[in-house]
Amino acid sequence: MDICGRPFKAPAMKDSNPAAVTTVPGGVGRNIAHNLRLLDLNVKLVTAVGDDDFGAGVMRSCKELGIDMSLARRVKGGKTSTYMYITDEKGEMLLAACDSDIAAYISPEYLTLLKDELNSADAVVVEANLSEEALKWIGANVTVPLYADTVSRAKAHRLLPIIDRLTALKPNEIEALGITGERSALLAAEALLRKGVKRVFVTLGSEGLLAVEDGEIVKLPCMKTNVVNTTGCGDAAISAIVWSGVQGLSLAETADAATRAAALVSQCEETVNTRLSPKILM
């Protein structure tokens, strides 16, 4: 569940700021699932939620969106993941706190029960809120194209053990530099290719997107738009990357789709823009 505070004026640090506060279903994995449904893909979400009010809200909203929740794990007494963030008056995120400990319930033992389901998909998408043990199991047992989102600099390293299994990886610049130790986005992307990733897409904030695969580099600027909120742009980008992979699009076409999806989300206050569709990405 996402809790967002957006001050009406430039925020004053260490003080209470008059603001609009919203509570809506969110999270990287859920946002990706939502976006992929908007892109007309059939989606099953493997997640863990508590038996609390937030968990009930997430389950209900996902089902209403047409996301198959039959693989979700309801944890008795568990606390549903919560992401709390503060933006400035323009919608740029200043600070966030994430409580995703319940993701530990997506264990190798639980995933073993889902192995056939996972390998019957056209693609599997993972994000670094999962434990290293769960990610290692996925790397060793999932045979279909595998896509990953790094989530944050603090968690991105969890993906390193399965890096050579990834069809595509989407870090932001800070995350890419953090897991490679390189000094630039391009050097970081090339280092990740050497580790075995087929395609790397580094989001560069206001500088756009860098996409790299063996023998090709594409750099696109941000699309000009009225930015309202930047939270969720990365989730939209990886969703477009997955959709493009399923469609068999080229690196340049995929980078363009990811840029379009991110720009669309930046135009609304929510972390998912319900106007997203395949037509917009083409």
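Above this text is the structure in question.
Residues numbered from 1 in each chain as written. Predicted model: local features only at pLDDT ≥ 70, side-chain atom pairs only at ≥ 80, totals over all residues. Heavy atoms only, no water.

Engineer: Would you mind showing me how to read the environment of Val 125 here?
Structural biologist: Mapped onto the secondary structure, Val 125 falls in strand β7 (residues 124–127). For the pair Val 125 and Leu 169, spaced 44 residues apart in the sequence, the C-alpha separation amounts to 9.9 Å. Ignoring any residue separated from it by four or fewer positions in sequence, one finds Val 125 in contact with Ile 32, Leu 36, Tyr 147 and Val 242. (Helix = DSSP H or I, 4+ residues; strand = E, 2+ residues; numbered from the N terminus. Contact = heavy atoms within 4.5 Å.)

Engineer: Is there a simple way to explain the side chain of Asn 31 in this structure?
Structural biologist: Turning to its location among the elements, Asn 31 is positioned in helix α1 (residues 28–38). Beyond its immediate sequence surroundings of up to four residues, Asn 31 is in contact with Asp 2, Pro 25, Gly 26, Asp 235, Ser 239, Thr 271 and Val 272.

Engineer: When you look at helix α7 (residues 185–194) in this model, what are you seeing that I'm missing?
Structural biologist: All of the buried residues along α7 are Ala 185, Ala 188, Ala 189, Ala 191, Leu 192 and Leu 193. Where α7 is buried, its residues contact β9 (168–170), α6 (173–180), β10 (199–203) and β11 (209–213). (Buried < 20%, exposed > 50% of the residue type's maximum accessible area, 1.4 Å probe, protein only.)

Engineer: Looking at this model, I keep getting lost on helix α9 (residues 251–266). Mind explaining?
Structural biologist: The α-helix advances 3.6 residues per turn, and as a result positions three or four apart in sequence lie on the same side. Here α9 contains 16 residues, and its C-alpha end-to-end distance of 23 Å stays within 8% of the 22 Å for a straight helix at 1.5 Å per residue. With respect to burial, α9 is a largely interior element, 12 of its 16 residues being buried. For α9, the secondary structure elements touched by its buried residues are β10, β11, β12 (216–220), α8 (233–247) and α10 (278–281). (Expected span 1.5 Å × (residues − 1).)

Engineer: What exactly am I supposed to notice about the packing of aromatic side chains here?
Structural biologist: Two measures describe an aromatic ring pair: the distance that separates the ring centres and the angle between the ring planes. What the rule picks out here adds up to one aromatic pair. Considering the side-chain rings of Tyr 83 and Tyr 85, the 5.4 Å spacing of their centres and the 35 degrees angle between planes classify their relative orientation as tilted. Overall, Tyr 85 belongs to the buried group, its relative accessible area being 3%. (Phe/Tyr/Trp six-rings, centres within 6.5 Å; stacked < 30°, edge-to-face > 60°.)

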